[in-house]
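Listed below are the residues making up each chain.
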4 protein chains.
Amino acid sequence: MAGNSIGQLFRVTTFGESHGVAIGGVIDGCPPGIELSEAHIQAQLDRRRPGQSRYTTARREADQIRILSGVFEGKTTGTPIGVLIENTDQRSRDYSDIQDTYRPGHADYTYDAKYGFRDYRGGGRSSARETAIRVAAGAIAMQVLAGLGVSVRGAMVQMGDINAEQFDWEQVNQNAFFFADSRKLDLLDESIRQLKKSGDSIGARIRVEAHGVPAGWGEPVFDRLDADLAHSLMSINAVKAVAIGDGFAVVEQRGSEHRDEMDASGFLSNHAGGVLGGISSGQPVIAEIALKPTSSITIPGRSIRRDGSECEVVTKGRHDPCVGIRAVPIAEAMLAITLLDHYLRHRGQNSVLTANGQVPTAE
Amino acid sequence: MAGNSIGQLFRVTTFGESHGVAIGGVIDGCPPGIELSEAHIQAQLDRRRPGQSRYTTARREADQIRILSGVFEGKTTGTPIGVLIENTDQRSRDYSDIQDTYRPGHADYTYDAKYGFRDYRGGGRSSARETAIRVAAGAIAMQVLAGLGVSVRGAMVQMGDINAEQFDWEQVNQNAFFFADSRKLDLLDESIRQLKKSGDSIGARIRVEAHGVPAGWGEPVFDRLDADLAHSLMSINAVKAVAIGDGFAVVEQRGSEHRDEMDASGFLSNHAGGVLGGISSGQPVIAEIALKPTSSITIPGRSIRRDGSECEVVTKGRHDPCVGIRAVPIAEAMLAITLLDHYLRHRGQNSVLTANGQVPTAE
Amino acid sequence: MAGNSIGQLFRVTTFGESHGVAIGGVIDGCPPGIELSEAHIQAQLDRRRPGQSRYTTARREADQIRILSGVFEGKTTGTPIGVLIENTDQRSRDYSDIQDTYRPGHADYTYDAKYGFRDYRGGGRSSARETAIRVAAGAIAMQVLAGLGVSVRGAMVQMGDINAEQFDWEQVNQNAFFFADSRKLDLLDESIRQLKKSGDSIGARIRVEAHGVPAGWGEPVFDRLDADLAHSLMSINAVKAVAIGDGFAVVEQRGSEHRDEMDASGFLSNHAGGVLGGISSGQPVIAEIALKPTSSITIPGRSIRRDGSECEVVTKGRHDPCVGIRAVPIAEAMLAITLLDHYLRHRGQNSVLTANGQVPTAE
Amino acid sequence: MAGNSIGQLFRVTTFGESHGVAIGGVIDGCPPGIELSEAHIQAQLDRRRPGQSRYTTARREADQIRILSGVFEGKTTGTPIGVLIENTDQRSRDYSDIQDTYRPGHADYTYDAKYGFRDYRGGGRSSARETAIRVAAGAIAMQVLAGLGVSVRGAMVQMGDINAEQFDWEQVNQNAFFFADSRKLDLLDESIRQLKKSGDSIGARIRVEAHGVPAGWGEPVFDRLDADLAHSLMSINAVKAVAIGDGFAVVEQRGSEHRDEMDASGFLSNHAGGVLGGISSGQPVIAEIALKPTSSITIPGRSIRRDGSECEVVTKGRHDPCVGIRAVPIAEAMLAITLLDHYLRHRGQNSVLTANGQVPTAE
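Residues numbered from 1 in each chain as written. Chains lettered and ligands numbered in written order. Predicted model: local features only at pLDDT ≥ 70, side-chain atom pairs only at ≥ 80, totals over all residues. Heavy atoms only, no water.

## Observations regarding the relation of the copies chain B and chain A
Turning chain B through 180 degrees and shifting it by 0.0 Å along the axis lays it on chain A, with an RMSD of 0.0 Å. The transformation relating the two chain copies, once decomposed into turn and shift, fits a two-fold axis. Of the C-alpha atoms belonging to chain B, the one lying closest to the rotation axis is found on B:H231, 2.4 Å away. Interface overlap between copies is the fraction of interface residues in one copy that are interface residues in the other; for chain B against chain A it reaches 97%, indicating a shared surface. (Least-squares fit on C-alpha atoms with pLDDT ≥ 70 in both. Contact = heavy atoms within 4.5 Å.)

Below, the structure is given as structure tokens:
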């Protein structure tokens, strides 16, 4: 595989560069009979669209999704779902001066080393914009999961040194930061203003959760649910770390503290974050990711040109001081995509159905 | 795939339960012409073998590796390499009393939920012992990587609240903890003694590095090198978090601090940990993992039986107070396996590089 | 994988139903730096377009290909190539009367059994029209192969009981049948007229060849080149058999006749069809496929409705009396796609060859 | 993947050369709870073992199978099943004189071209002996399929110009040829004697069938059941063609003859061979394969040495005049393996279960 697909039974393949003609994808393996429309998907896309908030990129991205196949009379057919978003904001001129320089912190250098040249227009495949298709695929996965009683949600829980201390999920979709603690909004506002003024950026920590996941999803030994989550979350641009449950805090925990005991009512804690031995335990699946600060800043940085000569780079154009704000719907999407893939694989593997003798025709 | 294979061009498939007849694996995709012998592999296995240290499990595991195929006259043939370790330490009687209880923190509950029953003998596939085959596969990968100028190394950098403050890689293989700071060995000793006395366990943080990796390995968008590393490292039993480069520290970093600038001499820092935009940058690849404390402790814990009734569980038998100590060679192995897989995939994908001269050493 | 992708390093994923909004695909793994334009692909598509010949379906299919990504300044970038063909001929009304009946010989019954319902509009995913994307992907593969000195060609060699006795490849693209023996064209004409009059259809045999393939492509034991060719050719709608080299004739051959001997000038025969032990031998790769006669005929057939009651089915609308005529470019495309995938995999696997100088041209 | 694995959810990976230490494999994805023992597998292996018949190779191959994992208390656990056969007949000296020559019709030349050298001992991975593991995996698949009401059987239906005219499946396992027409046994005997005397070999045609396969298995568009069958059958050494249902006979059929009509009692014919539109139709799945005559014959053949100089090659040692005789159990095994993989994939894909709201815990 050339790296542009994810998943085995629920499989997402994307294509498109941020400043190319269009971005799109194929979502393969969606079970038939699920209600789906462009509106379902557009709702998720609009959550990530810049311009709805004064804190994110001002480039106007319409992101109107078209469903090209796989849906008939409002329901999925079980055949691949092709989706497309035509690129309406293509200001290549914003980027022409960087054609021969490597912007520090960007993938320019590594792309050139890999491919021998690079498409310099706005980050190409490593740009965050390609993720619109992930969000679309995630919206489809969420529709299927909803029918299984599984829901997914995410929030930003830390920006720079500002932490959410009071978790209120009702607040998350009420503010432009997807922040879980409404008491800190003014602090966030102020921080963003300072960053725009100084031309710098800041990192973020995001938390995603899945509720209603029954025990049993996951495939030891290598395709464990947590390993696949780590993979799909780390595949999000700018992510530098993934934690399940208590994450790095487990380093200082004792076994007597960490283990999740059980009584007749069920589990008594969830340090494991809903995954035990690589399989879902029936508890909420909890993960956190760390997003690095955007490297597209106006503060000059030292770099080199293709010919190796030193230069100074300043990124123009309008960019995000905090990438993390936009990553919340993307992280939710990746969680949904990975969970659905595991649900389908779990169903394929397990012989409970063979116990009943008669295999239903359409089973 | 049923979850017991990892990698695409360099592919490792394992089988075997810790208390079954044997554990083994198939390593497929190793290029031909590489020097390989059982001694090469045994050397790596011996690093992880308990009994060489008074801190790890006293169960005597011989772990004698046999190579069954894929090697002829001391060199790999390019055909699959079958490896086998017959199980010599099979004390099922250590486990018979837990046949119908769920040990808290173990995968018993989730395995039962998934499969409808479980093989209660000693953890089965979720036991750390299965990882001997991973270490064997890693040893093979390291042989190939060595020929490409790539080396891999790992160390424990934190156990509980004891941190390595002075990194000395020469020390790592001189002590039983694989610890990077020899000044802290007495503290570690004391901590372990306390834990054995109290019957508890503690977590650990491990760091792995790869040197000599040229720029260009990795496949955006989903099979990024960092995403695949996250997957293979998270697939190690007891791992709850994976970080690349500065990991969670990036949350509080500014863009002006985080970005790795360049001048004519190359990169000036390595906050990215050697991976940028999903592709290796030519800098050392650096990752850290968090291992949870073992749940096999002698302090009683609350749990339930298969029939749902409450009970108390005490794990007998001899176990590790710190799993992290044994995980260092396993983490090195997973890093090596993933890097080799990416090297082979990178070579398959890129034809331009063979034409323009600017080919990195390892192409 | 949900079945809509083929290939490992050169990977093609398609989507779209014949009477949906659009058909399209993602071609992933095309090496960078290859010259490619919509014109290149359109040229191949036009060879299969009905309407250019009075022998094929009169439905007007424009089949105008759009490249949405993966190409920059006339060359491939190495990122996925998204392609799209908007459906301009959507006459659903041709099919409405068959909504609840199973057309004999069509996939209606099996689709319903599998999915619980079916999209009745014109065959959906099992229609031959979806293959336009395969032809597009094949055109891309052919561009890459051309740079490696490999060419692909196909011809119809039998229609019903009319056999090509004299092979003239120059003739193949000069007649609407892609037939290799121009002396039989009148017979073919007459046969088609008879079939249109009687409302029946006929089968065909197609031959595809690849020239310039060096020795060494193919991955024993399961992903042999011939096994993958059998897979990709059998995946073409209406194909019921695949033969490599002498095919079924080998059953009556002696070993002394069949084996391809060698002398200093090279091989002295090619009974093997260019594949030996699953690996290309350096000789032309030769395969033949059998296409069944179209089941969309106007002669009434006995069938049942969804509720099980018996009925008679007559297919209206305009259809092909011989599907084989259109399958030639599709078979060439599948051969090209599979060969390129194997070339990339071969390059990824073999490091010895880059060292010993004896590297075939196409390495 | 490096080519030594087949299947997606039911996945078989093999290793081992015919003259190496052992051959073995990993069968991953077998559902748990299936009765399995070494005896089950040995029964299938014994059917293919030479020495039980005076017509096949006299090399004594014990082929004693060991199950190393994945079975507990007589039932599969759902974890990978490792199997091993130690090689007891290793007469390398039979082959030493061919170390530097290419035996015509063998894979020697292609292996050398691919890998830069070859393991000359007896065919290595391209030898038919490696297929013992396929037969073992097939035996496991057959156990699972039996529980689903699916049975698999095969027979030789043609050897050279001797055809089975009367099909009697009861006869197939009563003679050493697996031949379906007992009236021709004397002719077969005589033919074999002549071939041994002349030192030559002959080809064969084998037929395999699966009964009880319900409608609905198969994944359009590329992973169609027939395409995957073509792949797995063509992966058998010496196979040069695969046909489904009427195979090449469809070329001369009319649509009115070929289509399988239906009435209230079901299908009225089975020209399709049980697969329609890539999905099983509920009718018996029928396939035939063509096996080329063995190239290991004592009649001298012209060839070249590694240095390109011409030479004559005579194969010594004892070999099969008709490989087809041994291929019957192998073809049955491949059919079973592919069917089971499709059954598991079909179950994973289909949402009938989502209709009932509540997903069972272990589902």
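Picking up after the structure, the text goes on.
## Re the interface of chain D and chain C
Tallying the contact residues gives 104 residues for chain D and 106 residues for chain C. A combined buried area of about 8,600 Å² lies between chain D and chain C, and 59% of that area is made up of carbon and sulfur atoms. Applying the counting criterion to the chain D and chain C interface returns 2 salt bridges. Inspection of the chain D/chain C interface yields 37 residue pairs in polar contact (both at pLDDT 80 or more). Examined bridge by bridge, strand β11 (residues 239–244) of chain C and strand β11 (residues 239–244) of chain D share 3 bridges and lie antiparallel to one another. Within the sheet, the bridge partner assigned to C:A241 lies in β11(D) and is D:A243. (Buried area = accessible area lost by both parts, 1.4 Å probe. Salt bridge = Lys/Arg side-chain N within 4 Å of Asp/Glu carboxyl O. Polar contact = N/O pair within 3.5 Å; in protein donor to acceptor, adjacent residues only side chain to side chain. Pairing = 2+ DSSP bridges. Helix = DSSP H or I, 4+ residues; strand = E, 2+ residues; numbered from the N terminus.)

## Some words on the UniProt feature "binding site: NADP(+)" (unreviewed entry) in chain A
Per the UniProt record, "binding site: NADP(+)" (unreviewed entry) is annotated on A:R48 and A:R54. Looking at the element boundaries, A:R48 is found in helix α1 (residues 38–48). (UniProt positions renumbered as here; feature names shortened; annotations may be inferred.)

## Looking at the UniProt feature "binding site: FMN" (unreviewed entry) in chain A
All names here are of chain A. Here, the residues flagged by UniProt with the feature "binding site: FMN" (unreviewed entry) are R125, S126, S127, N237, A238, G277, K292, P293, T294, S295, S296 and R318. Of the residues examined, A238 reaches a relative accessible area of 10% and is grouped as buried. Topologically, S296 is positioned in the loop between β16 (285–291) and β17 (301–304). (Buried < 20%, exposed > 50% of the residue type's maximum accessible area, 1.4 Å probe, protein only.)

## Focus on the confidence of the model for chain A
Residue and element names in this part refer to chain A. Here chain A averages 83 in pLDDT, while 80% of its residues score no lower than 70. For the stretch residues 92–97, pLDDT sits under 50, and the model shows 10 contacts to residues farther than four places along the chain or on other chains. Between residues 351–363, whose pLDDT stays under 50, and residues either more than four places distant or in other chains, the model counts 25 contacts. The ipTM, which scores confidence in the relative placement of chains, is 0.89 for this predicted complex, and the corresponding pTM is 0.88. (pLDDT = per-residue confidence, 0-100.)

## Brief notes about the packing of helix α1 (residues 38–48) of chain C against helix α3 (residues 131–147) of chain C
Residues and elements named next belong to chain C. Between α1 and α3, the least distance of the axes is 9 Å, while the angle of their chain directions is 135 degrees. When the axes of α1 and α3 are compared, the pair comes out oblique. Note on packing geometry: the crossing formed by α1 with α3 is right-handed. Across the interface between the two elements, H40, I41, Q44, L45 and R48 from α1 touch T131, A132, V135, A136, A139, I140, M142 and Q143 from α3. For the contact of α1 with α3, the residue count by class is 8 nonpolar, 4 polar and 1 charged. (Axes fitted to C-alpha atoms, helices over the stretch in contact; angles between N-to-C directions. Parallel < 35°, antiparallel > 145°, perpendicular 65-115°, else oblique. Left-handed = near helix turned anticlockwise from the far one by under 90°. Nonpolar A, V, L, I, M, F, W, Y, C, P; charged D, E, K, R; others polar.)

## A short note on the relation of the copies chain D and chain C
When chain D is fitted onto chain C, the two copies agree to an RMSD of 0.0 Å after a turn of 180 degrees and an axial shift of 0.0 Å. A shared binding surface is used by both copies, with 99% of the interface residues of chain D retained as interface residues in chain C.

## Thoughts on the interface of chain B and chain A
It is common to report an interface's size as the accessible area lost on association of the parts. Listed by partner, the interface residues are 106 residues for chain B and 104 residues for chain A. Summed over both sides, the interface of chain B with chain A buries roughly 8,600 Å², with 59% coming from carbon and sulfur. Counting across the interface, chain B meets chain A through 2 salt bridges. A:R302 serves as the salt-bridge partner of B:E261, at 3.4 Å between the closest nitrogen and oxygen. The interface formed by chain B and chain A holds 37 residue pairs in polar contact (both at pLDDT 80 or more) in total.

## Re helix α6 (residues 225–234) of chain C
Burial runs high along α6(C): 10 of the 10 residues are buried. Listed in full, the buried residues belonging to α6(C) are C:L225, C:D226, C:A227, C:D228, C:L229, C:A230, C:H231, C:S232, C:L233 and C:M234.

## Re the sheet that holds strand β2 (residues 11–15) of chain B
All names here are of chain B. Overall, antiparallel pairing links the 5 strands, which are arranged β1-β2-β3-β7-β4 in an open sheet. Each edge of the sheet is formed by a strand with only one pairing partner; in this case those strands are β1 (5–6) and β4 (66–67). Where β4 lies against strand β7 (residues 81–86), 2 bridges are found, and the strand directions are antiparallel. The residue bridging R66 from the neighbouring strand is L84, located in β7. Sheet strands touched by helix α3 (residues 131–147): β2, β3 (22–28) and β7. Its angle to β3, the strand with the most contacts, is close to 30 degrees.

## Observations regarding the pattern of salt bridges
Using the criterion set out here, one finds 56 salt bridges over all chains in the structure. In this structure, the salt-bridge partner of C:E209 is C:R153, at a minimum N-O distance of 3.0 Å. One end of the pair, C:E209, is in strand β10 (residues 204–211); the other, C:R153, is in strand β8 (residues 151–159), with 56 residues separating them in the sequence. Note that D:R207 is salt-bridged to D:E288, the shortest N-O span being 3.4 Å.

## Overview of the sheet that holds strand β16 (residues 285–291) of chain B
Strand order across the open sheet formed by 10 strands is β9(A)-β8(A)-β10(A)-β16(A)-β11(A)-β11(B)-β16(B)-β10(B)-β8(B)-β9(B), with antiparallel pairing between neighbours. In this open sheet, the two edge strands, each paired with only one partner strand, are β9 (162–163) of chain A together with β9 (162–163) of chain B. In the sheet, strand β8 (residues 151–159) of chain B pairs with β9(B) via 2 bridges, with the strands oriented antiparallel. From the neighbouring strand, B:Q158 faces β9(B), where its bridge partner is B:N163.

## Remarks on the environment of D:L145
All names here are of chain D. Relative to the elements of secondary structure, L145 occurs in helix α3 (residues 131–147). With 135 residues separating them along the chain, L145 and F10 place their C-alpha atoms 12 Å apart. In this structure L145 touches V150, W217, A336, L339 and L340, once residues within four positions along its chain are discounted.

## Notes on the environment of B:L68
Mapped onto the secondary structure, B:L68 falls in the loop between β4 and β5 (71–72). The sequence separation of B:L68 and B:V242 amounts to 174 residues, and the corresponding C-alpha distance is 34 Å. The contacts of B:L68, once residues within four sequence positions are left out, are B:G82, B:L84, D:F15, D:V21, D:A22 and D:L84.

## Here's the deal with the side chain of D:T131
In this structure, D:T131 sits in helix α3. Discounting residues that sit within four places of it in the chain, D:T131 has contacts with D:R48 and D:I330.

## Notes on the pairing of β16(A)
Residue and element names in this part refer to chain A. Summarising burial for β16: 7 of the 7 residues are buried, a large majority. Along β16, one buried face is formed by V285, A287, I289 and L291 and the opposite face, lined by I286, E288 and A290, is buried too. In this structure, strand β11 (residues 239–244) lies alongside β16, joined through 5 bridges in antiparallel fashion. Bridging across to β16, I244 finds its partner in A287.

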